[in-house]
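Here is what each chain is made of, one letter per residue.
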Amino acid sequence: MSNTVITPLAPPTFVDVSKIEQELELLWREAESSDQPVTRATAFNLVLVCDTSAQEAARELIPELALVHPTRTILVVLNESAPDAQRAWVTAHCRKLEGENRQICSEAIILEIDGDAELRAQSLIHSLSLGSLATAVVWHESLPLTHPLLQMLGKSCDRIITCAADHLAPASHLHTWFDLYESVPPECVVTDLLWAHLSGWRGAVAELFDECPDVSELREVRIHSQGDKLTCGALLCGAWIASTLEWTFRSAALLGRRPVIDCENNCRLVFIPEGAPASGIEFLFTQDRTAAVLREGDHFNLTCGAHTRASRVRPVDTLALLTHELHAWGRDPRMDKSVRLAHDWLPELLFT
Amino acid sequence: MSNPFRAGMLMEHPADPCVLIIFGGTGDLAQRKLFPSLAHLVSEGRVSEQTQFLCVSRKDSDQGAFRAEVIDNAKKLAPASMPNDEFARKFADRMFLVTDSGEGGRFDKLRSRLGEMAGAGGPRNHLFYLSIPPTGYAPTIAALGAVGLANPEAGAWSRIIIEKPFGRDFASAEALNSAAAAVFREEQIYRIDHYLGKETVQNILVLRLANTLFEPIWNHHYVDHVAITAAEILGVEERAQYYEESGALRDMIQNHLMQILAMIAMERPSSLAPEAIRDEKRKVLECVRPIHPEEVAQSAVRAQYSAGAVAGKAVQGYLQESGVNPNSRTETYAALKLHIDNWRWSGVPFYLRTGKRLAKRVTEVAIVFRNVPHQVFSQSPVDRLEQNVLAIRIQPNEGISLKFEAKLPGHALHVRPVEMDFRYGTSFGGRLSDAYERLLLDAMIGDQTLFARRDSVEEGWRIVQPVLDNWAQDSNDLLPQYVAGSWGPAEADLLLAARQHRWRKL
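To start, this report covers the structure provided alongside it. (Residues numbered from 1 in each chain as written. Chains lettered and ligands numbered in written order. Predicted model: local features only at pLDDT ≥ 70, side-chain atom pairs only at ≥ 80, totals over all residues. Heavy atoms only, no water.)

1. Description of the overall build of chain A
Item 1. Looking only at helices and strands, chain A has 10 helices and 17 strands in total.
Item 2. Counting only C-alpha atoms, chain A reaches 75 × 50 × 35 Å along its principal axes.
Item 3. Across the 352 residues of chain A, 52% fall into the buried class.
Item 4. Sequence-distant contacts in chain A: of pairs separated by 6 or more residues, those separated by 24 or more amount to 73%.
Item 5. Roughly 15300 Å² of accessible area belongs to chain A as shown, and the carbon and sulfur atoms make up 52% of that amount. (Helix = DSSP H or I, 4+ residues; strand = E, 2+ residues; numbered from the N terminus. Buried < 20%, exposed > 50% of the residue type's maximum accessible area, 1.4 Å probe, protein only. Contact = heavy atoms within 4.5 Å. Areas by Shrake-Rupley, 256 points an atom, 1.4 Å probe, with all protein chains shown as cover.)

Structure follows, in structure tokens:
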């Protein structure tokens, strides 16, 4: 991450909702007349939606994201249990260009919408989004994925990033997410931070098989996960492995407390929700050979036969994951395949 | 069977663990560029945890002092590369020093040391980096071969990065390449041209191949001429000894500008595979029309800076610089007019210029488009239309701008050129990686795309050789002069005048 400092151009100014654009113009005019020149930069519209419980964290995220993604940010805070009301603030965050006096600034609009929100919020988001630019919506986990506002936004935006499927959330969560995934038009790309979160594991598995190349002799994969239930993270990871290996699904069953996916050619995936503090993936080959990726603190231990080596886990937080996701606007076919496969398994896994 | 789990993760391929052996590890380039770049790569987790750095130096120093010097310099020259003391300490722990006092058997000593490192569980892959004076290249390569370090153990690799200059003329480049080829295979050799690691240079490919807009007009039907400029405000600084032997043509045009020309002018590669791109670069350089001896005066200009002022500060002329021969005939400015004899670029001149102590530090490629075929505005107050220009700025303010004509608001028809401007710093936040970071990582990964291949280096020399030969024979006492802080000699303007072209104001 850059060491560049981001500073507010002005503290958030409370404004009349109907005069947001005028207030922003005023903000820029005043900034232009200051002794430090500013450039108003907007690469896309970024709409962050959360409820009041996540408001503070979301506000803190705005300047951090602006450091990497210059956008027009619209933070929408919903408080549906309060009587109908709406309030707005405008502000901008700036970073200095290296070796120059000029500042690059991104504007932010904060909307608090109380009461029955979806129609008012949708109309405000539409009117405040810059029409010539793409729009990304980041939907916070504090709000349900079935919220009508999300469904509405899905019809008009280019990108939705949900943070709903925490990697430790129960696998059933993936079902709701898949419904959203299927309901938006094909030109809108939907992802969940869960997929980005798994990038460390995916990278470690890929690294393991750089040195342990007998993929065709792989017969069983055991995915150990924390908690006592099959988690979204474990399920999606398993689906990624199975889809990468092109294993064809045959049936799902419970072996004791362990969900098992049987595939063609006697290959299978076993999920082991043991509640153990460490988690990992074991690979069993023909002729009793094994390999494994085990998470231990800030390292993955990659074991292939008798040889073990460590690989550093890159620290990830919501900001890093979001920043990464906002760089990638295209559909990821690997995620598509994995999500569809996991969704195919779900009915049998959940009801056996 | 290849690793299916890598699919879609090509950009995230981690570098194999290796020992990076830097010859000249206490030198200026290593301290200013290599170590800060390595520190950035380490802090971002892009190089393996097991990778170690072994510096070979002629300076007599102990490891502790060497580590302290590297960290101090990195903190001073690239503070962002050393985020905190804890990181600095861990980074220093990965650096080792082999002092090479010039006694016989020093490469045996290096081999033993690498053997010890591998024996202690360290990496068996070796990446050699020649950050030493060019006269040391061939002997070092030969010595590495003699002690068997060019041939990796089974399952390991051995690569070598060679810094420019790759020779000082066609014959010496060929000799150096042959010396390298006698020890290393071409796929082990990484000729580093840091210009190719710059973000905007890499963006040339994306601009051309990922947009519908540009490729259809990227040819002689629409392009009037192309001008590539690399202007510096600095003089020779501490490099007078090197520069006296080199000059602007060898130092900048034969390598950096020629590689940029190749990226601009090459045909579309069939894929992004390194060899596909490098093949196209070689092909287009082969199409550059040879400059015959009698044409040199019309195709090339050289000059030296005289005393003047740069950025408001008085500076002395080249001949007065410390370490420069007062009768030196080394050029500090060079400009070339080249033609590419192929279907795409027939009749389109490519102008290349570079110089020290010019008015501004700027490197850019300007694609200047033809005028519209019919001037419908000729009976209006519009006196003339300017040509559209697509400018690719390589440094500073990396970005791309497009200049076109627009009507001025008002009742009368007045037209003015305006610019659409894309700047990396404005559109994308975050830190732009230094070119050396990208190139060091690519060498560790084994991706040669951004490194010059033997054939394109030799083509570069073939193109400039007649000019070098002609200049070497020219017995005029004084080179043309330009005032420090100006845009170069008047002769450079004349180079373009025959076609009513002008250098862009930058």
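2. What to know about unusual backbone geometry
Item 1. With omega at 5°, the peptide bond leading from Lys 164 of chain B into Pro 165 of chain B counts as cis.
Item 2. Looking at the secondary structure, you find Pro 165 of chain B in the loop between β5 (158-163) and α6 (170-181).
Item 3. The peptide bond linking Gln 395 of chain B to Pro 396 of chain B adopts the cis configuration, its omega dihedral lying at -15°.
Item 4. Examined against the element boundaries, Pro 396 of chain B turns out to sit in the loop between β14 (389-395) and β15 (399-407).
Item 5. With a phi angle near 60°, Asn 266 of chain A is a residue other than glycine that sits in the positive phi range.
Item 6. In this structure, Asn 266 of chain A sits in the loop between β12 (258-263) and β13 (267-273).
Item 7. By relative accessible area, which is 64% here, Asn 266 of chain A ends up exposed.
Item 8. The phi dihedral of Gln 500 of chain B is positive, around 55°, even though this residue is not glycine.
Item 9. Secondary-structure assignment places Gln 500 of chain B in the segment after α15 (490-497).

3. A few points about the state of the cysteines
All names here are of chain A.
Item 1. Counted under the stated rule, the structure contains 2 disulfides over all chains.
Item 2. Sulfur-sulfur distance for the disulfide between Cys 94 and Cys 105 comes to 2.2 Å. The sign of the 110° torsion about the S-S bond sets the Cys 94-Cys 105 disulfide as right-handed. Of the two residues, Cys 94 sits in strand β5 (residues 85-96) while Cys 105 sits in strand β6 (residues 103-114), which places them 11 residues apart along the sequence. Like Cys 94, the residue Cys 105 is buried in the burial classification.
Item 3. A sulfur-sulfur distance of 2.1 Å marks the disulfide that ties Cys 212 to Cys 304. (Disulfide = S-S within 2.5 Å.)

4. Let's talk about the nonpolar core
Item 1. Grouped together as the largest cluster of nonpolar side chains are 153 residues, with contacts concentrated most on Leu 110 and Phe 350 of chain B.
Item 2. Sequence-distant contacts of Phe 350 of chain B, that is, excluding residues within four places in its chain, are made with Val 226, Leu 261, Ile 264, Ala 265, Leu 336, Lys 337, Leu 338, Ile 340 and Trp 345 of chain B.
Item 3. Core analysis: the second largest hydrophobic core is formed by 93 residues, Ile 20, Ala 92, Trp 201 and Cys 232 of chain A among them. (Core = buried A, V, L, I, M, F, W, Y, C linked by side-chain atoms within 4.5 Å.)

5. Digging into the pattern of salt bridges
All names here are of chain B.
Item 1. Under the defined criterion, the tally for this structure stands at 54 salt bridges over all chains.
Item 2. Between Lys 75 and Asp 85 there is a salt bridge, with the nearest N and O atoms lying 3.1 Å from each other. Of this pair, Lys 75 sits in helix α2 (residues 63-77) while Asp 85 sits in helix α3 (residues 85-93); the two residues are 10 residues apart in sequence, bridging distant segments of the chain.
Item 3. According to the relative accessible area criterion, Asp 85 is exposed, its value standing at 57%.
Item 4. The partner of Asp 474 in a salt bridge is Arg 302, and the shortest N-O contact between them spans 3.0 Å. Of this pair, Asp 474 sits in the loop between α14 (454-473) and β17 (481-483) while Arg 302 is found in strand β8 (residues 300-306), placing the two residues 172 residues apart along the sequence.
Item 5. Using a relative accessible area of 29% as the deciding quantity, one classes Asp 474 as partly exposed.
Item 6. One network of salt bridges, in which partners are shared, links Glu 275, Arg 278, Asp 279, Arg 282, Glu 286, Arg 453 and Asp 455. (Salt bridge = Lys/Arg side-chain N within 4 Å of Asp/Glu carboxyl O.)

That is the geometry; function is a separate question.
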